[in-house]
Amino acid sequence: MSEQASRGKAPGGLFSEVRRDLPAGLVVFLVAVPLCLGIAQASSAPLLSGLIAGIIGGLLVSALSKSELSVSGPAAGLAVIVATGIAQLGFRTFLLAVVLGGVIQLLLGLLRLGSIAHFFPNAVIKGMLASIGVLITLKQLPHAVGYDADWEGDDAFFGPDGHNTFTAIVDAFGALSPTATAITLLCFTAYLVWPKLQRGPLNFVPPALVVVVMGGLLAALAPMLSAELALSADHLVSLPVLAGPGDLLDAVQTPEFAALSNPAVWTTAVTLAIVASIETLLSLEAVDRLDPHRRISPPNRELVAQGVGNVVSGMVGGLPVTSVIVRSSANVAAGGETRLSAMVHGLLLFLGVVFFAAILNQIPLAALAVVLIFVGFKLTPPSLWKAMWKAGYAQFIPFASTVAAVVVTDLLKGTLFGLLVGVVFAIREQQRGAIVVVKDSTRTLIRITKDLTFLNKASLKEILSEIEDGATVVIDRRVVDFVDDDIEEILLDFEDNAEERGIRVQMQLSPRDLERRAALEATHVQVDDDPDEPPAANRGHDAAGRPLAAESPA
């Protein structure tokens, strides 16, 4: 059992675990800085807009949300939508779409439509978490050796240059930076060793913070040994340096409300609202599974919080925000306990942008890569794969399919594919054993034990085709509540042809089925060669629907 899982009682309030939430918020802040910048860069948006979204997500959304561990900010999954919207509308008009998208999300929450995430099977949610772990590790390996061609936070398989996640790793190890690689190896060792050194007050200093500080010091010391060892700006965090709060206010852009009648604005707003809401709800479900206290976050409240956050973010020049799984996972891994950690991360983003950008720009991306690789490993440990394998193919295949699909597409598409696979297996398992056949020397008993749909047509037809001429068949369906029309048609056709084959059919019906079968039989009569034939619903039964045969099925 992990240390977190053994803590017992869940925290009682926002400030009940300050000693854990403050360092966790600092770690999330350090991870969020390059992600906010990278997502803004990939979205063809001003770098400051990504940081503004991170600040709004940390301070405002966390304050309104009831999720204790979820962290909100700009999301890689929206980068293509954002870039397309900005190219089509211009940045200020796009901000209007962000505001309108937030209003739509707010309405979705008020209409209580947030429960959609509950319909994702657990195997798919576990697969989504594991896929994020795999994806983080694969995407951070190039950064770990100083190959920073891809932007931080990229979760797409194919890059704009035609390369993919795997070829980027090959390219990285062919163009590695000795200094970045050395920083990665030393920081990796420090991350492993630090937990053994934690004593007293140091117990609340997370390994991730030690790694980032150590990485910054090593990057500063490297050029003192040799000028050739200095890391270029491409290998470091690159915050825009502001002179003070005034510069931040001057850089803020506001929405172009004159474009309110533009249909393209509304199309973009609806697209943002739907995609951002789905990503938020999936992340929320996943983060709840990571919570050592197993707290359940209200999804409708989360949609309201995200909606308000997007309205405000769009009003002050920020990108759209969602609940984001990478930063949320880093929050859990760093020991966060309450919403305070996410709020601390938002406050530090604000202070860092305004006052400490020059210092933060000395942090090497290689050190942050080490932190994220450990976060990724915790999301997809070998024990998880082993447990899912032991759970059987009906659990393992949707799980593994989700992982594979996310890695080769992106988070949203991959998870939706996993959902499709999960639904197929759920239907298959639910229909297993729905029709039981028992034969003896005098008759064949076909007992229907579960509700039947068109998905059972093939198996039912196969069973009926094997009935020999002259046999006595008892079809017992008294325990089921629903048999759809496709199945009913097959049974009616079988009864219609039974007399020609000398087959005696005894249909054991519940009273509620009689009226429905009679309505279906009316459609049979219209095309029957002999319309005077008694309705199939009554064949083999008396007027009350009781079988004519006295004996009951076993």
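Residues numbered from 1 in each chain as written. Predicted model: local features only at pLDDT ≥ 70, side-chain atom pairs only at ≥ 80, totals over all residues. Heavy atoms only, no water.

### Considerations on the overall build of the protein chain
- Within the protein chain one finds 21 helices and six strands.
- Taken against the 2.2 N^0.38 rule, which gives 24 Å for 554 residues, the C-alpha radius of gyration of the protein chain at 31 Å runs more than 25% over that of a compact globule.
- Each principal axis of the C-alpha atoms in the protein chain carries an extent, and together these give about 100 × 60 × 50 Å.
- Accessible area of the protein chain: about 24600 Å², with a carbon and sulfur share of 64%.
- In the protein chain, the 38 positive side-chain charges and the 52 negative ones have mean positions that sit 11 Å from each other. (Helix = DSSP H or I, 4+ residues; strand = E, 2+ residues; numbered from the N terminus. Rg over C-alpha atoms; globule rule 2.2 N^0.38 Å. Areas by Shrake-Rupley, 256 points an atom, 1.4 Å probe, with all protein chains shown as cover. Lys, Arg positive; Asp, Glu negative; His and termini not counted. Charge placed at Lys NZ, Arg CZ, Asp CG, Glu CD.)

### Some words on the side chain of Asp476
- Within the secondary structure, Asp476 sits in strand E5 (residues 472-476).
- Here Asp476 falls in the buried class, since its relative accessible area comes to 6%. (Buried < 20%, exposed > 50% of the residue type's maximum accessible area, 1.4 Å probe, protein only.)

### Notes on the pairing of strand E3 (residues 435-439)
- Where E3 meets strand E4 (residues 444-448), five bridges bridge the pair, whose relative direction is antiparallel. In the sheet register, Val436 faces E4, and the bridge partner there is Arg447. (Pairing = 2+ DSSP bridges.)

### Points about empty space enclosed by the protein
- The tally for this structure, following the rule as stated, stands at eight cavities of 30 Å³ or more.
- Taken as a whole, the largest cavity holds about 340 Å³ of empty space.
- Lining the largest cavity are 26 residues, with Ala76, Ile132, Gly153, Asp155 and Val326 sitting closest to its centre.
- Mapped onto the lining of the largest cavity, the elements with two or more residues apiece are helix H1 (18-42), helix H5 (122-144), helix H10 (263-290), strand E2 (322-323) and helix H12 (325-333).
- It is H5 that provides the largest number of residues to the lining of the largest cavity, a total of six residues.
- Its residues assigned to classes, the lining of the largest cavity shows 13 nonpolar, seven polar and six charged.
- Size it by volume and the second largest cavity reaches roughly 90 Å³.
- Lining the second largest cavity we find 14 residues, and of these Asp150, Asp161, His163, Asn164 and Ala168 sit closest to its centre.
- Residues belonging to the lining of the second largest cavity are distributed by class as follows: six nonpolar, three polar and five charged. (1 Å grid on protein atoms, 1.4 Å probe; cavity = no way out; pocket = protein on both sides within 12 Å on 5 of 7 lines; lining within 4 Å. Points joined across faces, edges and corners; volume = space filled by probe spheres on them. Nonpolar A, V, L, I, M, F, W, Y, C, P; charged D, E, K, R; others polar.)

### Remarks on the nonpolar core
- If you look at the biggest cluster of nonpolar residues, it comprises 89 residues, and the most contacted ones within it are Leu30, Leu51, Val237 and Leu239.
- The element best represented in this core is H1, accounting for 12 residues.
- Apart from the residues within four sequence positions on either side, Leu51 is in contact with Val33, Cys36, Leu37, Leu239, Pro240, Leu349 and Val353.
- Counting residues in hydrophobic clusters, the runner-up holds 23 residues, among them Ile463, Ile467, Val480 and Val483. (Core = buried A, V, L, I, M, F, W, Y, C linked by side-chain atoms within 4.5 Å. Contact = heavy atoms within 4.5 Å.)

### What to know about the packing of H1 against helix H2 (residues 47-64)
- In contact at an axis separation of 7 Å, H1 and H2 are set at 130° when each is read in the N-to-C sense. Compared by their axis directions, H1 and H2 come out oblique. The two elements H1 and H2 cross, and the hand of that crossing is right-handed. Across the interface between the two elements, Val33, Cys36, Leu37, Ala40 and Gln41 from H1 touch Leu47, Ser49, Gly50, Leu51 and Gly54 from H2.
- Tallied by class, residues from the contact of H1 with H2 come to six nonpolar, four polar and no charged. (Axes fitted to C-alpha atoms, helices over the stretch in contact; angles between N-to-C directions. Parallel < 35°, antiparallel > 145°, perpendicular 65-115°, else oblique. Left-handed = near helix turned anticlockwise from the far one by under 90°.)

### Some details on the layout of surface pockets
- Its volume calculated, the second largest pocket comes out at about 480 Å³.
- Residue lining of the second largest pocket: 21 residues in total, with Ala76, Gly77, Val80, Ala156 and Asp410 positioned closest to the centre.
- Of the residues assigned to the lining of the second largest pocket, the class counts are 13 nonpolar, three polar and five charged.

### Quick word on helix H19 (residues 457-465)
- When H19 is considered as a whole, its buried residues turn out to be Leu460, Ile463 and Leu464. Seen end-on, H19 carries its buried residues on one side only, within an arc spanning 95°. Residues of H19 that are exposed and point over 90 degrees away from its buried face: Ala458 and Ser465. (Arc of directions from axis to C-beta.)

### Here we look at the sheet that holds E4
- A sheet is described by the order of its strands in space; here four strands give the open sequence E3-E4-E5-E6, paired in mixed fashion. Both outer strands of the open sheet, E3 and strand E6 (504-508), are each paired with one neighbouring strand and no more. Ignoring which end each strand starts from, the neighbouring axes of this sheet average 15° apart.
- Relative to E6, E5 runs parallel, the two being bridged by five bridges. Across the sheet, Val474 pairs through a bridge with Gln506, a residue of E6.
- Sitting on the sheet, H19 is in contact with E3 and E4, with an inclination near 10° to E3.

### Things to note about the environment of Ala222
- Counting through the fold element by element, Ala222 comes out in helix H8 (residues 207-225).
- You can call Ala222 buried: its relative accessible area is 8%.
- As for Ala222 and Ala180, which are separated by 42 residues in sequence, their C-alpha atoms are 9.9 Å apart.
- Apart from residues lying up to four places away in sequence, Ala222 is in contact with Thr179 and Leu229.

### Quick notes on the packing of H12 against helix H15 (residues 365-379)
- Where H12 meets H15, the closest approach of the two axes is 10 Å, and the angle between their N-to-C directions is 85°. On the basis of the axis angle, H12 is roughly perpendicular to H15. Residue-level contacts link Val326, Ser329, Ala330 and Ala333 of H12 to Leu372, Val375, Lys378 and Leu379 of H15.
- Here the residues of the contact of H12 with H15 sort into six nonpolar, one polar and one charged.

### Focus: the confidence of the model for the protein chain
- Of the residues in the protein chain, 91% have a pLDDT of 70 or more, and the chain-wide mean is 88.
- Confidence drops under a pLDDT of 50 for residues 1-8, and excluding neighbours within four residues, the segment shows 12 contacts in the predicted structure.
- Ignoring residues within four places in sequence, the model shows residues 536-554, a span with pLDDT below 50, making 44 contacts including any to other chains. (pLDDT = per-residue confidence, 0-100.)

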